[in-house]
Amino acid sequence: CLRSFAGAQGRAEGVHAGFVGFSNAGLHVSVRSERHRETFEVGLRSFVNEARLLAKFDNPALVKVYRFWEEKGSAYMAMPFYDGVTLRDALKQRAEAPDEGWIRRILVPLMDALELMHSESCFHRDIAPDNILLLKDERPVLLDFGAARRVIVDMTQVLTVILKPGFAPVEQYA
């Protein structure tokens, strides 16, 4: 599976399609308007940072990035194709509340993955049912690392707050 920051044919992943255009000479991605350049460049850097972060980890409950690169004005990630539904959708489809065994089968692999990330001072910061994919065999895979940050022990800058109402820790509401 190949995921790109700005896809072909005007379809964009990670950036609004109205921001970019594609030249006929080799499909080079370019910003349509100078007023969108900064937004595009910030988004591109964020996409590359997410790919770089994910490529460091090897855990079955984390999205695997085999390779990432920048080319023709865009950036790309080579990764497995994950076939499944989000935890949010799986919960909606259930006729009854899940039992403890089912919950543990979902949470234990996720906790192991988070322990690995946290050991590298990396924090996801947006864990919610819509960012957890359940594969066909119900193995969980944590998605969307766009809000993830590495925290440097000697940090001098304040991290931005990422809030998903109902799922963010209470201390982030302050």
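I will try to describe carefully the structure that is included in this document. All values reported here derive from a predicted model rather than from experimental measurement. (Residues numbered from 1 in each chain as written. Predicted model: local features only at pLDDT ≥ 70, side-chain atom pairs only at ≥ 80, totals over all residues. Heavy atoms only, no water.)

Turning our attention to the overall build of the protein. The secondary structure content of the protein amounts to 3 helices and 10 strands. Across the protein, helices and strands are ordered from the amino to the carboxyl terminus as β-β-β-α-β-β-β-α-α-β-β-β-β. Relative to its 174 residues, the protein shows a buried fraction of 34%. A total of about 10,900 Å² of accessible surface is found on the protein, and carbon and sulfur atoms cover 55% of it. (Helix = DSSP H or I, 4+ residues; strand = E, 2+ residues; numbered from the N terminus. Buried < 20%, exposed > 50% of the residue type's maximum accessible area, 1.4 Å probe, protein only. Areas by Shrake-Rupley, 256 points an atom, 1.4 Å probe, with all protein chains shown as cover.)

This paragraph deals with helix α3 (residues 100-119). Residue pairs three or four apart in sequence face the same way in an α-helix, which turns once every 3.6 residues. Under the 1.5 Å per step criterion, the end-to-end length of α3 is 27 Å for 20 residues, consistent within 8% with the ideal 28 Å. Listed in full, the buried residues belonging to α3 are W102, I106, L110, A113, L114 and M117. Against the buried residues of α3 lie α2 (87-93), β7 (122-123), β8 (132-135) and β9 (140-142). One side-chain oxygen of the residue at the start of α3 lies 3.2 Å from the amide nitrogen of G101, identifying that residue as D99. (Expected span 1.5 Å × (residues − 1). Contact = heavy atoms within 4.5 Å. Polar contact = N/O pair within 3.5 Å; in protein donor to acceptor, adjacent residues only side chain to side chain.)

The next thing to look at is the pairing of strand β5 (residues 74-78). Taking burial as the measure, the 5 residues of β5 include 4 buried ones, the bulk of the element. Across 5 bridges, the pairing between strand β4 (residues 67-71) and β5 is antiparallel. The residue bridging F68 from the neighbouring strand is M77, located in β5. Linking two consecutive strands that pair antiparallel, namely β4 and β5, is a turn of 2 residues; a positive phi of about 55 degrees is found at K72 within it. (Pairing = 2+ DSSP bridges.)

With that settled, consider the sheet that holds strand β6 (residues 84-86). Sheets are built from strands paired through backbone hydrogen bonds, the pairs being either parallel or antiparallel. Taken together, the 3 strands give an open sheet; going across it, the order is β6-β8-β9, and neighbouring strands pair in antiparallel fashion. Every other strand in the sheet has two partners, leaving β6 and β9 as the edge strands with one partner each. Here the strands of the sheet are splayed against their neighbours by 30 degrees on average, with no regard to which way each runs. For β8 and β9, the ladder comprises 3 bridges, and the chain directions are antiparallel. In the sheet register, L134 faces β9, and the bridge partner there is P140. Helix-sheet contacts for α3 involve β8 and β9, and the interaxial angle to β9 is about 35 degrees. (Axes fitted to C-alpha atoms, helices over the stretch in contact; angles between N-to-C directions.)

This part is about unusual backbone geometry. Even without a glycine there, the phi angle at K72 is positive, about 55 degrees. As for its position among the elements, K72 is in the loop between β4 and β5. The class of K72 is partly exposed, set by a relative accessible area of 39%. One non-glycine residue, E138, lies in the positive phi region at around 70 degrees.

A separate point is the pattern of salt bridges. Tallied over the full model, the rule gives 8 salt bridges. It is possible to trace a salt-bridge network through shared partners that takes in E34, R37 and E41. (Salt bridge = Lys/Arg side-chain N within 4 Å of Asp/Glu carboxyl O.)

It is worth spelling out a nonpolar patch on the surface at this point. Where nonpolar side chains cluster on the molecular surface, the patch consists of I103, L107 and M111 and spans about 250 Å² of accessible area. Checked against the element boundaries, L107 lands in helix α3. (Patch = residues over 30% accessible without salt bridge, like charges linked within 9 Å, V, L, I, M, F, W, Y side chains within 5 Å.)

None of the figures reported here should be taken as evidence of function without further support.
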